[in-house]
Amino acid sequence: GENFFKAGNYEMANAHYQKGAEVNATNPLPYVGLGKVQWYQNKATDAKANFYKATTLAAGKNATVLLKIAEAYIYADTKDFAEANKLLDQAQKLEPKNPQIFLLKGDAVLEQNNDGSKAIAFYEEAAKLNPKSADANLRIGKLWNRAKNYPAALEYYKKASLIDSSYAPAYREMAEIYARAGQFNNAVPKYKRFL
């Protein structure tokens with residue numbers, strides 16, 4: 001279901017989430033998936049019903065369920081930042097040292113009001129909680145890139161690639177900076193590595 005969802009094939013994603021719910025009706029994650037598809041298709045009432053079912057099944061003890069629902073509210077075209085932030089706060093009470101919570105909080109701040117200074121604080125907290133987080137370093141690098149501080153951006157992209165040498169987004173971002181600077185000899189190997 002997740003693979004089909006990420007590929008934008010909501011019909012197949014929905015079918016697999018539905019199958020998951022049939023196979024294990026007490027697992028909250030298939031209901032999150034069903035709700036996510038509905039949210040992305042602007043079926044808010046149906047989506048919220050499935051999100052409610054998922055949180056009820058999780059009984060307030062599963063931070064992953066809360067995070068996955070928050071992702072839908074943050075990344076879909078139709079956003080609900082108030083609900084996303086509420087869910088992220090609940091998840092943080094359950095798992096205060098979960099770096100994914102801080103990554104999503106940073107993304108929410110950035111999506112909601114384009115506030116890089118607040119977002120970077122959340123990303124740095126995620127990186128502190130998980131020093132091996134390529135995602136946190138990539139996000140910090142992107143913020144420096146937006147601020148046109150390319151050396152700082154490159155530093156974080158390189159850090160992300162050192163943490164995980166197969167982390168493709170870091171190579172793409174490095175290549176873009178080198179290409180914009182006209183350093184094609186540096187850009188080409190990074191694009192190749194990305195591909």
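If you're wondering where the values come from, they're calculated on a predicted model, not measured in any experiment.

Chemist: How should I be thinking about the overall build of the protein chain in this particular structure?
Modeler: Scanning the protein chain from terminus to terminus reveals twelve helices and zero strands. Counting only C-alpha atoms and orienting by the principal axes, one finds that the protein chain spans roughly 55 × 35 × 25 Å. Here the protein chain holds 195 residues, and 41% of them are scored as buried. A fraction of 44% describes how many contacts in the protein chain between residues 6 or more apart in sequence connect residues 24 or more apart. Here the protein chain contributes 27 positive and 20 negative side-chain charges, whose respective centroids are spaced 4 Å apart.

Chemist: Looking at this structure, I do not really get the packing of aromatic side chains. What am I missing?
Modeler: Evaluation of the coordinates by the stated rule reveals five aromatic pairs. With 4.8 Å between their ring centres and 85° between their planes, Phe5 and Tyr40 make a pair best called edge-to-face. Taken together, the positions of Phe5 in helix H1 (residues 2–6) and Tyr40 in helix H3 (residues 28–40) put the pair 35 residues apart, joining distant regions of the chain. Under the relative-accessibility criterion, Phe5 is labelled buried at 9%. One aromatic cluster is present, built from ring pairs that chain together Phe5, Tyr10 and Tyr40. The ring of Phe5 has Lys36 sitting right over it, with the charged end atom 4.3 Å from the ring centre.

Chemist: I tried to follow helix H5 (residues 63–75) on my own but got confused; where do I start?
Modeler: Residues three or four positions apart in an α-helix share a direction because the helix packs 3.6 residues into each turn. Spanning 13 residues, H5 covers 18 Å between terminal C-alpha atoms, matching the ideal 18 Å at 1.5 Å per step. Counting buried residues in H5 gives ten out of 13 residues, a clear majority hidden from the surface. Inspection of H5 places Ala63, Val65, Leu66, Leu67, Ile69, Ala70, Glu71, Ala72, Tyr73 and Ile74 among the buried residues, and these make up the whole buried set. Capping the start of H5 is the job of one residue whose side-chain oxygen sits 3.0 Å from the backbone nitrogen of Thr64: Asn62.

Chemist: Sorry if this is basic, but what is going on with the pattern of salt bridges here?
Modeler: If charged atoms from side chains of opposite charge come close, those side chains can pair. Within this structure, the stated rule accounts for ten salt bridges. Lys68 serves as the salt-bridge partner of Glu71, at 3.8 Å between the closest nitrogen and oxygen. With Glu71 and Lys68 both in helix H5, this residue pair falls three residues apart, about one helical turn. Assessed through its relative accessible area of 16%, Glu71 is described here as buried. Between Asp89 and Lys105 there is a salt bridge, with the nearest N and O atoms lying 2.8 Å from each other. Of the two residues, Asp89 is situated in helix H6 (residues 81–94) and Lys105 in helix H7 (residues 99–113); the sequence distance between them amounts to 16 residues. Overlapping salt bridges bring together Lys142, Arg172 and Glu173 as one network.

Rules and cut-offs
- Residues numbered from 1 in each chain as written.
- Predicted model: local features only at pLDDT ≥ 70, side-chain atom pairs only at ≥ 80, totals over all residues.
- Heavy atoms only, no water.
- Helix = DSSP H or I, 4+ residues; strand = E, 2+ residues; numbered from the N terminus.
- Buried < 20%, exposed > 50% of the residue type's maximum accessible area, 1.4 Å probe, protein only.
- Contact = heavy atoms within 4.5 Å.
- Lys, Arg positive; Asp, Glu negative; His and termini not counted.
- Charge placed at Lys NZ, Arg CZ, Asp CG, Glu CD.
- Phe/Tyr/Trp six-rings, centres within 6.5 Å; stacked < 30°, edge-to-face > 60°.
- Lys NZ or Arg CZ within 6 Å of the ring centre and 35° of its normal.
- Expected span 1.5 Å × (residues − 1).
- Polar contact = N/O pair within 3.5 Å; in protein donor to acceptor, adjacent residues only side chain to side chain.
- Salt bridge = Lys/Arg side-chain N within 4 Å of Asp/Glu carboxyl O.

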